[in-house]
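Single-letter residue listing:
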Amino acid sequence: MYRLLFSVLLQSLVVVFVFPLIDSSFRVSNNVWDVIVIVLFFGFLNFILRWFLVLVTFGVGYLVYLFTLGLAGLVVNAIVLFWVANIFPDKIFVPGFWAAFWGGAILTLANYVAKRESREEYSGHERRNKKSH
């Protein structure tokens, strides 16, 4: 649960503060709850679309992801970011493909950092508990 909350918080900060730096036409709502909904919806749609592509292509989609060294995943992120912008047009505006591409890449990086930090925190907590027993 901590990992999810930390990831959503970090990605929300990225959406609010980094997206406008990617492209000055990127517009994001200033409402905290709107940004949290955007991040949660992005993660949900991204998860569903990735599994759908793997299942529909009988695993070939996963191989394409590996062979392109993750570039295919970044394109999927851009598509998902466009979908989120179409679903919530009053909360986020994505100016173009490259803005969506870099926005999705940075959201993925923020998610990776959040997972890594929470994993390190958990393993450190586990080590402290073993020493005290």
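Residues numbered from 1 in each chain as written. Predicted model: local features only at pLDDT ≥ 70, side-chain atom pairs only at ≥ 80, totals over all residues. Heavy atoms only, no water.

Remarks on the packing of aromatic side chains
- Evaluated as defined, the whole model comprises seven aromatic pairs.
- When the centroid spacing of 5.2 Å and the interplanar angle of 85 degrees are considered together, the rings of phenylalanine 41 and phenylalanine 88 count as edge-to-face. With phenylalanine 41 in helix α3 (residues 32-56) and phenylalanine 88 in the loop between α5 (71-87) and β2 (92-93), this residue pair connects regions lying 47 residues apart in the sequence.
- According to the relative accessible area criterion, phenylalanine 88 is buried, its value standing at 14%.
- Look at phenylalanine 101 and tryptophan 102: their rings are 5.3 Å apart centre to centre, the planes differ by 90 degrees, and that puts the pair in the edge-to-face class.
- Residue classification places tryptophan 102 among the partly exposed residues on the basis of a relative accessible area of 46%.
- Through a chain of ring-to-ring contacts, three or more aromatic side chains come together here, namely Phe97, Trp98, Phe101 and Trp102.
- When the ring centre of phenylalanine 93 is taken as origin, the NZ or CZ atom of arginine 27, which lies over that ring, is 4.5 Å away. (Phe/Tyr/Trp six-rings, centres within 6.5 Å; stacked < 30°, edge-to-face > 60°. Helix = DSSP H or I, 4+ residues; strand = E, 2+ residues; numbered from the N terminus. Buried < 20%, exposed > 50% of the residue type's maximum accessible area, 1.4 Å probe, protein only. Lys NZ or Arg CZ within 6 Å of the ring centre and 35° of its normal.)

Here we look at the packing of helix α1 (residues 2-17) against α3
- Two numbers describe how α1 lies on α3: the axes approach to 9 Å, and their chain directions differ by 110 degrees. The angle between α1 and α3 falls in the class roughly perpendicular. For the element pair α1 and α3, the recorded crossing hand is right-handed. Contacts between α1 and α3 involve Val8, Gln11, Ser12, Val15 and Val16 from the former and Val35, Ile36, Val39 and Leu40 from the latter.
- Looking at the contact of α1 with α3 residue by residue, the classes come out as seven nonpolar, two polar and no charged. (Axes fitted to C-alpha atoms, helices over the stretch in contact; angles between N-to-C directions. Parallel < 35°, antiparallel > 145°, perpendicular 65-115°, else oblique. Left-handed = near helix turned anticlockwise from the far one by under 90°. Contact = heavy atoms within 4.5 Å. Nonpolar A, V, L, I, M, F, W, Y, C, P; charged D, E, K, R; others polar.)

Geometric descriptors of this kind do not, in isolation, establish any biological role.
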